[in-house]
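Here is how the chains run, residue by residue.
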Amino acid sequence: TPTGPSVITDILPAHFTGSDIRVRDDDAPLAHVATAWETVELTHADSPATMVMQAMLGSFDQSLHGAVHSGANMISVLAGYNEREYPLAQSAMTFNTQYSDTGLFGVYYVAELDNIYECHWAVM
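The rules behind the values
- For every chain, the first residue of the written sequence is number 1, and numbering continues from 1 onward in sequence order.
- This being a predicted model, a pLDDT of at least 70 is required before a residue's local features are given, and a value of 80 or more before pairs of side-chain atoms are given or counted; all residues contribute to the totals for chains, interfaces and linings.
- Side-chain metrics rest on all non-hydrogen atoms present in the structure, leaving aside hydrogens and water.
- Should DSSP find at least two bridges between two strands, the strands are regarded as paired.
- Think of it this way: any DSSP run of H or I at least four residues long counts as a helix, any run of E at least two long counts as a strand, and we number them from the N terminus.
- As a rule, the C-alpha atoms of each element are fitted with a line to give its axis, helices using only the stretch in contact, and angles between N-to-C directions run from 0 to 180 degrees.
- Throughout, nonpolar core names a set of buried Ala, Val, Leu, Ile, Met, Phe, Trp, Tyr and Cys residues whose side chains join them through atoms within 4.5 Å.
- Each residue's exposure class comes from its accessible area (1.4 Å probe, protein chains only) as a fraction of the maximum for that residue type: buried when under 20%, exposed when over 50%, partly exposed otherwise.
- By definition, residues are in contact when any of their heavy atoms lie within 4.5 Å.
- We count a salt bridge whenever a side-chain nitrogen from Lys or Arg sits within 4 Å of a carboxyl oxygen from Asp or Glu.

A. Region of interest: the sheet that holds strand β3 (residues 91-98). Taken in spatial order, the four strands of this open sheet run β1-β4-β3-β2, and their pairing is antiparallel. For this open sheet the edge positions go to β1 (30-39) and β2 (59-61), each flanked by a neighbour on one side alone. The sheet shows a mean angle of 20° between the axes of neighbouring strands, direction not considered. Taken together, the three bridges between β2 and β3 define a ladder with antiparallel strand orientation. Following the sheet pairing, Ser-59 is matched in β3 by Met-93.

Right, here's the structure in full:
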């Protein structure tokens, strides 16, 4: 049985506040980077579209050598289909997290420190 006040008020949707957290460690061999954008909530009519975008962009890991032939340009560039003909990231994945009043869509990747700028260029 729920407890609390007898009158329950409507809760306004959360206000999205973009933020940037950077923890720099030049001695670490790899950088773990996530970039995300606000999207729609789970019950929104466009929610399935963000799920399809996540599936279309996909993910990869270094053990998947065929990732350079991915249909998603971002994944193929990160996996090694680029000017250097070398993988820019060790792994990458898109994510789509939806809540009752907002959502986040983004890309998480792991890369060597020398490749961060090129990786981010491919993501953006």
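B. Region of the structure containing the nonpolar core. Core analysis: the largest hydrophobic core is formed by 19 residues, its most contacted members being Phe-60, Ile-75, Leu-78, Ala-89, Tyr-109 and Cys-119. The set of elements that each furnish at least two residues to this core consists of β1, α2 (73-79), β4 (103-112) and α3 (116-123). Of all the elements, α2 adds the most residues to this core, at five residues.

C. The arrangement of the environment of Ile-75 in detail. The topology assignment puts Ile-75 in helix α2. Taking the C-alpha atoms as reference, Ile-75 lies 7.0 Å from Leu-57; in sequence the two are 18 residues apart. Once residues within four sequence positions are removed from consideration, Ile-75 is found in contact with Leu-57, Gly-58, Ser-59, Phe-60, Ala-67, Ser-70 and Ala-92.

D. Quick look at the pattern of salt bridges. A complete count under the given rule lists three salt bridges for this structure. A salt bridge links Asp-20 to Arg-22, with the shortest nitrogen-to-oxygen separation between them at 2.9 Å. For the residue pair Asp-20 and Arg-22, the accessibility class agrees, reading exposed in each case.

E. Focus on the pairing of β3. Taking burial as the measure, the eight residues of β3 include six buried ones, the bulk of the element. Bridge analysis of β3 against β4 gives eight bridges, and the strand direction is antiparallel. Paired with Ser-91 across the strands is Val-110, a residue of β4.

F. Examining the environment of Asp-27 more closely. For Asp-27, the location among the structural elements is in the segment before β1. The class for Asp-27 is exposed, based on a relative accessible area of 75%. Remark: the alpha-carbon pair of Asp-27 and Leu-113, spanning 86 residues in sequence, is separated by 9.7 Å.

G. Looking closely at unusual backbone geometry. For Glu-85, which is not a glycine, the phi torsion comes out positive at approximately 50°. Position of Glu-85 among the secondary structure elements: in the loop between α2 and β3. Exposure remark for Glu-85: the relative accessible area of 69% places this residue in the exposed category.

In short, the description is geometric, and any link to function would need to be established separately.
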